[in-house]
Amino acid sequence: MRPMSRRNALLLGGLGTAAIAAGGAGLWWTLSSRFAPEAGGDFTEPEQLRSSSGRLQVRLEASAGSMQLGGQQASVLGYNGGVPGPTLRLRGGDVLAVDLVNGMAVPTNLHVHGLHVSPQGNGDNVFNVVQPGHSFSYEYRLPADHPPGVYWYHPHHHGMVADQIFAGLFGAIIVEDAQPVDVSRERVMVVSDITLDGSGTVADASPMDRMLGREGELVLVNGQSNPKLSARPGERERWRIVNTCVARYLQLRLDGQQMQLLGMDSGRFPTPRNADEVLLAPGNRADVLVTAVAGDATLRAVYYNRGSMAGMMGRAGPAPNGGQRSGDLVLATLSVSGAPAAPPPAVPARPAPRDLRTAAVAARRQLIFAVGGMGMGMGMSFTINGREFNASRTDTTVAAQTVEEWTLINPGPMDHPFHLHVWPMQIVEEQGQTPGPSVWRDVVNIPANGQVRVRISFKDFTGRSVYHCHILDHEDQGMMGVIEVR
Ligand SMILES: [Cu+2]
């Protein structure tokens, strides 16, 4: 295992430093032994906090501590002492008020990923910094017609985003449907990954991890390792799945069960679509219906090739796909038995989402994602249109209330998942193909050596915000730009 760096010691506020203080053989033993999670516990969910009378007021304290992870105690970061943080349940038109308390030794802030809310002032403003020991009151006003769906929150302080999310700072946000879908039960599944040493301390990322995007050795659902779920045959469940991993793609399968996709991110299909596989790039969410079939089934993430820098670095890349599908992971186990349930009623059809393909386009832009300085060891650059992130520079200025078309170009050997804050994107062309219905995302994967064209309606809000690669190690190293809508 990698020794914990000063950086992580600082991040964790002194926790876990006992291993370092022990020194000598004790140190070697502690760091080289592995964290052994306890798998197979009953599925649990974080606390759910619901809005009432149009408002949800919450206090989120980000701090280091000893928390339950994979059935064991680990020295990690969490909101309100747990991983994940509480699930926030809202409705269109609500106000979400968050008092963020920074109980850590490093700066932080808060981003509400995917919510269509103002980026200004105490809204979804990632330029805001909350120093150690300080707090800040965020207030997010959701428009009445805010799309229902699965969203999430996490820190977004540039340079520390990957470290803080990897160590445990994330939680789900649900915006409820105006017309609910009839289900036997609803489950929120926050998927994360982390690497812990034998003493349960978060491993620091190596330079190679930062270049490729770190993938944790443990992949957890609501902080649990392979939790057990049970249902009766015929029951229909709704699973809200969030990929909070810093860099890991989740190509999800639930073989033997019937899976239907209601939507991804804020995007919704008019009727559910049958799906054998659902790919979640880092930051993406899926809203899934599972109709239970008798027997046992595993929710798995199967190997997805997101590319590597292997050819350029003269060494093996991550997850080589040999005879064994090395990327396969079991996330959860579903056991279906008992008396069959009555067939559930049909899912109410939803209005088709807006289609910008017929809209007038006010401007067309190209964004080129590049990783440079290969083979030098030092000075690796992660850029958009040749520039690294600079918070005081505005890269893209957009006229409010217009529609733009952006071509996202990835000339490199590694996928980059592109995230634009505040305004969702409609995919209008992917690798030369045009999708049938209108597909909306807030994280759009740009495949290695590929390109994607999106259209964006800059409605409702003005202000400065950001777009970036959601491999958060890439973002922290500069693959981010500033947008101003005015
Ligand atoms: Cu990237």
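Residues numbered from 1 in each chain as written. Predicted model: local features only at pLDDT ≥ 70, side-chain atom pairs only at ≥ 80, totals over all residues. Heavy atoms only, no water.

### A few points about the sheet that holds strand β31 (residues 480–485)
This is how it is decided: When DSSP finds at least two bridges between two strands, those strands are taken to pair. Helix and strand labels come from DSSP, where a helix needs a run of H or I of at least four residues and a strand needs a run of E of at least two; each type is numbered from the N terminus. Axis definition: a line fit to C-alpha positions, over the contact stretch in the case of helices; interaxial angles, taken between N-to-C directions, run 0 to 180 degrees.
A sheet is described by the order of its strands in space; here five strands give the open sequence β23-β31-β30-β25-β28, paired in mixed fashion. Each edge of the open sheet is held by one strand with a lone partner, namely β23 (396–398) and β28 (443–446). Ignoring strand direction, the axes of neighbouring strands in this sheet form an average angle of 25°. Summarising the sheet, strand β30 (residues 463–469) and β31 pair through six bridges and their orientation is antiparallel. Residue pairing for β31: Ser465 is matched across the bridge by Ile483.

### Quick word on the confidence of the model for the chain
As a reminder, the rule being used: Confidence scores labelled pLDDT are given residue by residue by the predictor and lie between 0 and 100. We call two residues in contact when some of their heavy atoms are within 4.5 Å.
Taken as a whole, the chain shows an average pLDDT of 90; of its residues, 88% reach a score of 70 or greater. Across residues 13–31 the pLDDT falls below 50, and counting only partners more than four positions away or on other chains, this stretch makes 22 contacts in the model. Low confidence marks residues 311–326, where pLDDT is under 50. Its contacts with residues over four positions away, or in another chain, come to 19 contacts.

### Describing the pairing of strand β26 (residues 425–430)
Across three bridges, β26 lies against strand β27 (residues 439–441) in antiparallel orientation. In the strand pairing of β27, Gln426 is matched with Trp440. Two strands pair when backbone bridges link them, and β26 and strand β29 (residues 450–457) are joined in this way by five bridges, in the antiparallel orientation. Within the sheet, the bridge partner assigned to Gln426 lies in β29 and is Arg455.

### Comments concerning the nonpolar core
Note the threshold: What makes a nonpolar core is a set of buried Ala, Val, Leu, Ile, Met, Phe, Trp, Tyr and Cys residues whose side-chain atoms join them at distances within 4.5 Å. Burial classes: relative accessible area under 20% of the type maximum marks a residue as buried, over 50% as exposed, and values in between as partly exposed (1.4 Å probe, protein chains only).
Membership of the largest hydrophobic core comes to 90 residues, with the highest contact counts inside it found for Trp406, Phe418 and Leu420. Per-element accounting of this core gives the leading share, six residues, to strand β2 (residues 55–69). Residues in contact with Trp406, not counting those within four places in the same chain, are Arg365, Leu367, Thr396, Phe418, Leu420, Val452, Arg453, Val454, Ile456, Phe458, Tyr467 and Ile483. Among the nonpolar cores identified, the runner-up in size contains 30 residues, and Met189, Val221, Leu229 and Ala292 belong to it.

### Observations regarding the side chain of His421
As a reminder, the rule being used: Identification of polar contacts relies on pairs of N or O atoms within 3.5 Å, with a donor-acceptor requirement for protein atoms, meaning one able to donate a hydrogen and the other able to accept it, and with residues adjacent in sequence counted only if both atoms are side-chain atoms.
With respect to the helices and strands, the residue His421 is situated in the loop between β25 (416–420) and β26. At 3.4 Å, the side chain of His421 and the side chain of His111 are in polar contact. Engagement of the side chain of His421 in a polar contact is seen with the side chain of His156, the distance being 3.1 Å. Beyond its immediate stretch of four places on either side in the chain, His421 contacts His111, Asp124, Val126, His156, Ser465, Val466 and His468.

### Structural notes on the sheet that holds strand β20 (residues 329–336)
Strand order across the open sheet formed by five strands is β12-β20-β19-β14-β17, with mixed pairing between neighbours. Two strands close off the open sheet at either side, each with one partner strand: β12 (228–231) and β17 (277–280). Direction aside, neighbouring strands of the sheet carry axes that sit 20° apart on average. Bridge count for strand β14 (residues 250–253) against β17 is four bridges, and the pairing is antiparallel. Within β17, the residue paired with Leu250 across the bridge is Leu280.

### Description of the coordination of the copper ion
Under perfect tetrahedral coordination by four donors, a metal shows angles of 109.5 degrees; under perfect octahedral coordination by six donors, it shows angles of 90 or 180 degrees. We count it as follows: Only nitrogen, oxygen and sulfur atoms count as donors, using a 2.8 Å cut-off from the metal that widens to 3.2 Å for Na, K and Ca. Water is left out, so coordination shells may look unfilled.
Bound to the copper ion on the protein side are His416 (ND1), Cys469 (SG) and His474 (ND1), at distances that span 2.0 to 2.1 Å. Sequence spacing of the donor residues for the copper ion, all on one chain, is H-x52-C-x4-H. One end of the pair, His416, is in strand β25; the other, Cys469, is in strand β30, with 53 residues separating them in the sequence. Relative accessible area serves as the criterion here: at 0%, Cys469 is assigned to the buried category.

### Concerning the pattern of salt bridges
The following threshold applies: Within this document, salt bridges are pairs made up of a side-chain nitrogen of Lys or Arg and a carboxyl oxygen of Asp or Glu, the two lying within 4 Å of each other.
Under the counting rule described, the total for this entry stands at 38 salt bridges. Among the ionic pairs, Asp473 bridges to Arg214, the shortest N-O distance being 2.7 Å. Highlighted residues: Asp473 in helix α7 (residues 472–476) and Arg214 in the loop between α5 (207–212) and β11 (218–221), separated in sequence by 259 residues. Take Asp473 and Arg214: they sit in the same class, and that class is buried. For Arg253, the salt bridge goes to Glu277, with nearest N and O atoms at 2.9 Å. Note that Arg253 is positioned in strand β14 and Glu277 in strand β17, a separation of 24 residues in sequence. With a relative accessible area of 21%, Arg253 lands in the partly exposed category. Judged by its relative accessible area of 35%, Glu277 falls in the partly exposed class. Connected through salt bridges with shared partners, the residues Arg50, Arg89, Glu176, Asp177, Glu186, Arg238, Arg240, Arg268, Asp287 and Arg350 form a single ionic network.

### Structural notes on empty space enclosed by the protein
A probe matching the size of a water molecule, rolled over the atoms, marks out where space remains unfilled. What counts, and what does not: Put simply, the grid is 1 Å and covers the protein atoms alone, a cavity is a trapped set of points that fit a 1.4 Å probe, a pocket is an open set with protein on both sides within 12 Å along at least five of seven lines, and lining residues have an atom within 4 Å of a point. Grid points are joined across faces, edges and corners, and a volume is the space filled by probe spheres set on the points. Charged means Asp, Glu, Lys or Arg here, nonpolar means Ala, Val, Leu, Ile, Met, Phe, Trp, Tyr, Cys or Pro, and polar covers whatever is left, Gly included. Domain extents, as shown, originate in an automatic or database domain assignment.
The final tally for this structure, using the stated rule, is three cavities of 30 Å³ or more. In this model, the largest cavity occupies a volume close to 50 Å³. Around the largest cavity, the lining residues are Leu69, Val83, Ile165, Phe166, Ala167, Gly168, Phe170, Ser192, Asp193, Ile194 and Leu220. Contributing elements (two or more residues each) for the lining of the largest cavity: α4 (161–166) and β10 (185–194). Its residues assigned to classes, the lining of the largest cavity shows eight nonpolar, two polar and one charged. Two domains each donate at least three residues to the lining of the largest cavity, and these are domain 1 (6–175) and domain 2 (185–336).

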